[in-house]
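Coordinates in review
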Amino acid sequence: MNIYDLKAQKRNGETLNFNDFKGKVLLIVNTATGCGFTPQYEALENLYKKYKDKGLEILDFPCDQFGHQAPGSDSEIHDFCVAKYKTSFDQLKKVDVNGENADSVWKYLKENSPDEYIKGTAHKLSMKAVEKMSTTHKEPNDIKWNFTKFLVDKNGKVAFRYSPIEKPDAMEKDIVNLLK
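Below, the structure is looked at part by part. (Residues numbered from 1 in each chain as written. Predicted model: local features only at pLDDT ≥ 70, side-chain atom pairs only at ≥ 80, totals over all residues. Heavy atoms only, no water.)

**Quick word on the pairing of strand β7 (residues 149-152)**
Successive residues of a regular strand alternate their side chains across the two faces of the sheet. Burial along β7 is two-sided: K149 and L151 and F150 and V152, pointing in opposite directions, are all buried. Pairing of strand β3 (residues 25-31) with β7 involves four bridges; the strand directions are antiparallel. Bridged to V29 within β7 is K149. Here β7 runs beside strand β8 (residues 158-162); their pairing, made up of four bridges, is antiparallel. Of the residues in β8, the one forming a bridge with K149 is Y162. (Buried < 20%, exposed > 50% of the residue type's maximum accessible area, 1.4 Å probe, protein only. Helix = DSSP H or I, 4+ residues; strand = E, 2+ residues; numbered from the N terminus. Pairing = 2+ DSSP bridges.)

This is the structure:
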């Protein structure tokens, strides 16, 4: 199995086939609208605008598993993101990323990703505090909080896993390298 065998549900109920993304770089993120990291939507949209014509796709999976920070419906979440952050990248149906009901995309990402990248001691200490708040983080590869980001190369290989603390701007060099 590879990422191109996977499917996800769009917020309108249609099926998104990952096979449609062959040859593109994917940035896949679990998000929430009421999280301290929610302002990262702005930087995500900036990256998308800058690199979408060069082959970057951003897939946004809202998730309400961390502190009940994505309580709205799929439509409410989408409307908020468009109104507040002017997002234009794909936003999918709300999913679980951990536990027995974890979405197949997230199971795949967790099983096929390198260790989470956390830059610097301050970020590491901050992530330790975030981990303690998570009640769904039970397995070593589980998602620890909202705005965990995965970068998938043009061949469908999970190249990087970034912690929620890592800002999207810090991933730009990796994105550019994968787009080459």
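**A short note on the side chain of D74**
As for its placement among the helices and strands, D74 is situated in helix α2 (residues 74-85). Within the structure, D74 has its side chain in polar contact with the backbone nitrogen of K94 (distance 2.9 Å). Not counting residues up to four positions away in its chain, the partners in contact with D74 are R11, Q91, L92, K93 and K94. (Polar contact = N/O pair within 3.5 Å; in protein donor to acceptor, adjacent residues only side chain to side chain. Contact = heavy atoms within 4.5 Å.)

**Notes on the packing of aromatic side chains**
Tallied over the entire structure, the rule returns 10 aromatic pairs. Seen from their ring centres, Y41 and F89 are 6.4 Å apart, and the 15° between their planes marks the pair as stacked. Placement of Y41 in helix α1 (residues 40-51) and of F89 in the loop between α2 and β5 (90-91) is noted, with a sequence separation of 48 residues between them. Per residue, the accessibility class of Y41 equals that of F89, and both read buried. (Phe/Tyr/Trp six-rings, centres within 6.5 Å; stacked < 30°, edge-to-face > 60°.)

**Let's talk about the environment of P62**
Tracing the sequence through the fold places P62 in strand β4 (residues 56-62). The class for P62 is buried, based on a relative accessible area of 2%. In this structure, the C-alpha to C-alpha distance between P62 and N30, residues 32 residues apart in sequence, is 5.5 Å.

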